[in-house]
Amino acid sequence: MLSSTQAVKKSSVSILKQQTRLFSKNNNLLQAKSLKETFKEIYPAKAASIKQFKKEYGDVVIDQVKLSQAYGGMRGIKSLVWEGSVLDPVEGIRFRGLTIPEVTEQLPKFGAGSPCPESLLWLLLTGEKPSMEQTKLLSKELAARSELPQHTIDLLDALPKDLHPMAQFSIAVVSLESDSKFSKAYAAGVNKKEYWDHAYEDCLDLLGKLPAIGARIYSNVFHDGKLNHLKADLNADYGKNLAHLLGFENNEEFNELMRLYLTIHADHEGGNVSAHATHLVGSALSSPYLSFAAGMNGLAGPLHGRANQEVLEWLFKFRDAVKGDYSKESIEKYLWDTLNSGRVIPGYGHAVLRKTDPRYTAQREFALKHFPDYDLFKLVSAIYQIAPEVLTKQGKTKNPWPNVDSHSGVLLQYYGLTEAPFYTVLFGISRAFGVLSQLILDRAYGLAIERPKSFSTDKFKELVAKIQK
């Protein structure tokens, strides 16, 4: 047995060791370079490289445009610069060269399984993978920026409950313009070399506040304002804070889902409506708040971000119609009935992809891990086995495989977030990581205002006639 003196000494040594470990941990956080410091160091050389690249190769012809592309929404025309991600028809999305599985495996994680969107933000902005210490530092910074101004709170609380959550989301973002550091600096005549600094501050402020905006909309519209007392935890990561503000307490699986959801929806190169709209409005030197709001107004469309809501509504009708019969014959019949009625199969097909969307696969793996026997997941899985064959036989789609929208609503439903009209707001919070990081790069690299050339149909006919002579 230890004497009382020995016991006291042992206890003191134990406390000292604990204090030493705590000091070392905090010291690592303090010594870790912040995202802004890291970006400030690396972007001048990259900006100079881009300038030289344009100077040497600016006259190189990189694409030929068809008349059908001009009338088809400029689809496939290679004319935008987007650093964060590239979408390959076969491989799927790559974030700074990393596939979805590589992102899931290599980026820092809080908890089990899913990477955190903070680490993806770092990757998208710098091209580098952050350390765990740098990720934690960024988490704290975003949480510290989460408080909403009172006028935004009052505005959200005054909006009618039947106004779609995405309209409320856009309104709230625009209301933050009053605090725009970029707009104030521009009005004061700041040097254009410093644009990125003020855009960075706006973008980080906005990212920090989006969970609070989304949660207040969710609370007001669907829960009679009962969740409005919840505050962000300054020691929690972004995904966990979002889950907490939405009222999902002490549910690590849902925290993990939020981290995964926010990460895989964050960026999808620059040609999609929400990304392009944010970049376009930002190119006029509108503030990040006004630019992001423009992107969210595009995301709200049923041909873009609102598609996940439509998929879920279709799945409910599907489930009611087949009455639990998920046999091949039953599923195939309902799919053909959908197509023969002049409708599409929601959640299938993609403008670029020609294989199963890797984001769909990531969500499927999550479901297999946590709730393989969930009825709605079984239906989605059954459709996945049959729909590509049906669509191939129909012959009207270039991609008969599922996209990200065909699965995301099912995961949210399982954990009790059942309000489908809110899903696009979650998509918007996620998409902010990609479009805002590019907005900072746009200002750092001094990209020009976007101004493509347009022609009337008569002028196009004239051009075609000249070419065909």
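Note that the structure is predicted; figures quoted are calculated from it, not measured.

**Q** Can you break down the overall build of the chain residue by residue, with the values?
**A** A tally of regular secondary structure across the chain gives 21 helices and three strands. Relative to the globule expectation of 23 Å for 469 residues, the C-alpha radius of gyration of the chain, 25 Å, shows essentially globular dimensions. Each of the three principal axes of the chain carries a C-alpha extent, and together these read 100 × 65 × 45 Å. Classification of the 469 residues of the chain by burial places 50% in the buried group. Here the chain displays about 22,800 Å² of accessible surface, and carbon together with sulfur accounts for 55% of that area. If you average the places of the 57 positive and of the 52 negative side-chain charges in the chain, the two averages end up 3 Å apart.

**Q** Requested: an account of unusual backbone geometry, with residues and values cited.
**A** Across the chain, the bulk of peptide bonds are trans and the bulk of non-glycine residues have phi less than zero. Backbone geometry places Met74, a non-glycine residue, at a positive phi of 60 degrees. You can see Met74 is positioned in the loop between α3 (67-71) and β1 (85-88). Positive phi values are uncommon outside glycine, yet Asp224 reaches one of about 50 degrees. On the secondary structure map, Asp224 appears in the loop between α10 (195-222) and α11 (238-245).

**Q** I'd like a rundown of the sheet that holds β1, residues and numbers included.
**A** With respect to topology, three strands assemble into an open sheet ordered β1-β2-β3, the strand pairing being antiparallel. Where the open sheet ends on each side, the last strands, each with one partner, are β1 and β3 (98-99).

**Q** Any details on the side chain of Thr424? Residues and values, ideally.
**A** Position of Thr424 among the secondary structure elements: in helix α20 (residues 423-444). With a relative accessible area of 0%, Thr424 lands in the buried category. In contact with Thr424, other than residues within four places in its own chain, are Met166, Leu299, Ala300, Gly305, Arg306 and Asn308.

**Q** Kindly report on the environment of His223, identifying the contributing residues and their values.
**A** Here His223 lies in the loop between α10 and α11. Classification of His223 as partly exposed rests on a relative accessible area of 28%. When the C-alpha positions of His223 and Gly324 are compared, they lie 31 Å apart, and in sequence the two are 101 residues distant. In this structure His223 touches Tyr218 and Glu419, once residues within four positions along its chain are discounted. For His223, the side chain forms a polar contact with the side chain of Tyr218, separated by 3.2 Å.

**Q** Could you give me a rundown of the pairing of strand β2 (residues 92-95), with the residues and numbers involved?
**A** Of the strand pairs in this sheet, β1 and β2 are connected by four bridges, and their pairing is antiparallel. Across the sheet, residue Ser85 finds its bridge partner in β2, namely Phe95.

**Q** Go over the packing of aromatic side chains with me, naming the residues and quoting the values.
**A** Scanning the model with the defined rule gives 28 aromatic pairs in all. On the basis of an interplanar angle of 80 degrees and a centroid distance of 5.2 Å, the ring pair of Trp314 and Phe318 is categorised as edge-to-face. Placement of both Trp314 and Phe318 in helix α15 (residues 307-322) is noted, with a separation of four residues, approximately one turn of the helix. Through pairs of rings, three or more aromatic residues link up here, namely Phe248, Phe254, Phe366, Phe371, Tyr374, Phe377, Tyr414 and Tyr415. Across from the ring centre of Phe455, 5.9 Å away, lies the NZ or CZ of Lys459, which sits over that ring.

**Q** Break down a positive patch on the surface for me, with residues and values.
**A** Taken together, the side chains of Lys51, Lys54, Lys55, Lys192 and Lys193 define a basic patch exposed on the protein surface. Looking at where Lys54 falls in the secondary structure, it is placed in helix α2 (residues 35-57).

Conventions we followed
- Residues numbered from 1 in each chain as written.
- Predicted model: local features only at pLDDT ≥ 70, side-chain atom pairs only at ≥ 80, totals over all residues.
- Heavy atoms only, no water.
- Helix = DSSP H or I, 4+ residues; strand = E, 2+ residues; numbered from the N terminus.
- Rg over C-alpha atoms; globule rule 2.2 N^0.38 Å.
- Buried < 20%, exposed > 50% of the residue type's maximum accessible area, 1.4 Å probe, protein only.
- Areas by Shrake-Rupley, 256 points an atom, 1.4 Å probe, with all protein chains shown as cover.
- Lys, Arg positive; Asp, Glu negative; His and termini not counted.
- Charge placed at Lys NZ, Arg CZ, Asp CG, Glu CD.
- Pairing = 2+ DSSP bridges.
- Contact = heavy atoms within 4.5 Å.
- Polar contact = N/O pair within 3.5 Å; in protein donor to acceptor, adjacent residues only side chain to side chain.
- Phe/Tyr/Trp six-rings, centres within 6.5 Å; stacked < 30°, edge-to-face > 60°.
- Lys NZ or Arg CZ within 6 Å of the ring centre and 35° of its normal.
- Patch = residues over 30% accessible without salt bridge, like charges linked within 9 Å, V, L, I, M, F, W, Y side chains within 5 Å.
- Salt bridge = Lys/Arg side-chain N within 4 Å of Asp/Glu carboxyl O.

None of this, on its own, says anything about what the molecule does.
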